[in-house]
Amino acid sequence: MSKFDFIKNSKHAFYALKENDLTEAEGRLGFSFPNELREFYLEIGYGFIRSNNGSAINRLLDPHTIANITLREDIYEFDPDLDDIYEDEDRLVFYEVNEGVYLTLNVNKTDRSPVFFFNAKIADSLEEFIKKVDQDDRYFENIID
């Protein structure tokens, strides 16, 4: 049984990735994705968490989109939503809540990667975040009020 088997259900839409997809994006970035994110990608893939209220995007970004955002390439080259808020070198944008609103993951090399909504830590690990967002995709919104 894999670490993220609990998220494999019909209410979400995930798309498989190959390790080559990861290594290509990591080559562009010049660093490896956090271990927990790599594990999720290889076990589950990337895709969408079904929203409880239908109004959110809730997209776990694919590796190439993460590279585009981080490097400010393609459609993200002049994206004003990314300025200032998402400039922390210790954090990686990995999840799109809504257009222009992202969650970040600590890029340390430990087995657990804390998740942040702006500057508020909303989970101690990607696994904890995925479990919580599977139950309530908006659980973190009141944390920063």
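Our structure's up above, just so we're on the same page.
Our subject in this report is the structure included herewith. Just so you know, the residues in each chain are numbered from 1, in the order the chain's sequence is written. Under the rules for a predicted model, residues below a pLDDT of 70 receive no local features and side-chain atom pairs below 80 are neither given nor counted, while totals for whole chains, interfaces and linings still include all residues. No hydrogens and no water enter the side-chain calculation; it runs on all heavy atoms of the structure.

## A look at the nonpolar core
At step 1: For this analysis, a nonpolar core means a set of buried residues of the types Ala, Val, Leu, Ile, Met, Phe, Trp, Tyr and Cys, connected via side-chain atoms within 4.5 Å. Burial here depends on accessible area, computed with a 1.4 Å probe over protein chains only, as a share of the maximum for the residue type. Under 20% is buried, over 50% is exposed, and the range in between is partly exposed. L37, F40, F94, Y95, L103, L126 and F129 are the most contacted members of the largest nonpolar core, which totals 40 residues.
At step 2: Counting only elements with at least two residues in this core, the list comes to α1 (19-29), α2 (35-43), α3 (63-71), β4 (91-98), β5 (101-106), β6 (115-117), β7 (120-123) and α4 (126-135).
At step 3: Sort the elements by how many residues they give to this core and β4 lands first, with five residues.
At step 4: Contact between two residues is taken to exist if any of their heavy atoms lie within 4.5 Å; hydrogens are not considered. Those residues in contact with F94, other than ones at most four positions away along the chain, are L37, R59, L60, L61, I66, L103, T104, L105, V115, L126 and F129. Helix and strand definitions follow DSSP, with helices as H or I runs of at least four residues and strands as E runs of at least two, each counted in order from the N terminus.

## A short note on the packing of aromatic side chains
At step 1: Any two of the Phe, Tyr and Trp rings considered here, Trp counted by its six-membered ring, make a pair once their centres fall within 6.5 Å; the pair's planes then place it as stacked at under 30 degrees, edge-to-face at over 60, or tilted in between. By the definition in use, this model includes twelve aromatic pairs.
At step 2: When the centroid spacing of 6.3 Å and the interplanar angle of 45° are considered together, the rings of F4 and F6 count as tilted.
At step 3: Exposure remark for F4: the relative accessible area of 0% places this residue in the buried category.
At step 4: The partly exposed category is assigned to F6, whose relative accessible area is 27%.
At step 5: Taken together, F94, Y95, F117, F118, F129, Y139 and F140 form an aromatic cluster joined through their ring pairs.
At step 6: Looking at R91, its charged tip hangs above the ring of F116, at a distance of 3.7 Å from the centre.
At step 7: Note on criteria: charge over ring means Lys NZ or Arg CZ within 6 Å of the ring centre, with the direction from the centre no more than 35 degrees off the ring normal. The residue whose ring lies beneath K131 is F6, and the NZ or CZ to ring-centre distance is 5.4 Å.

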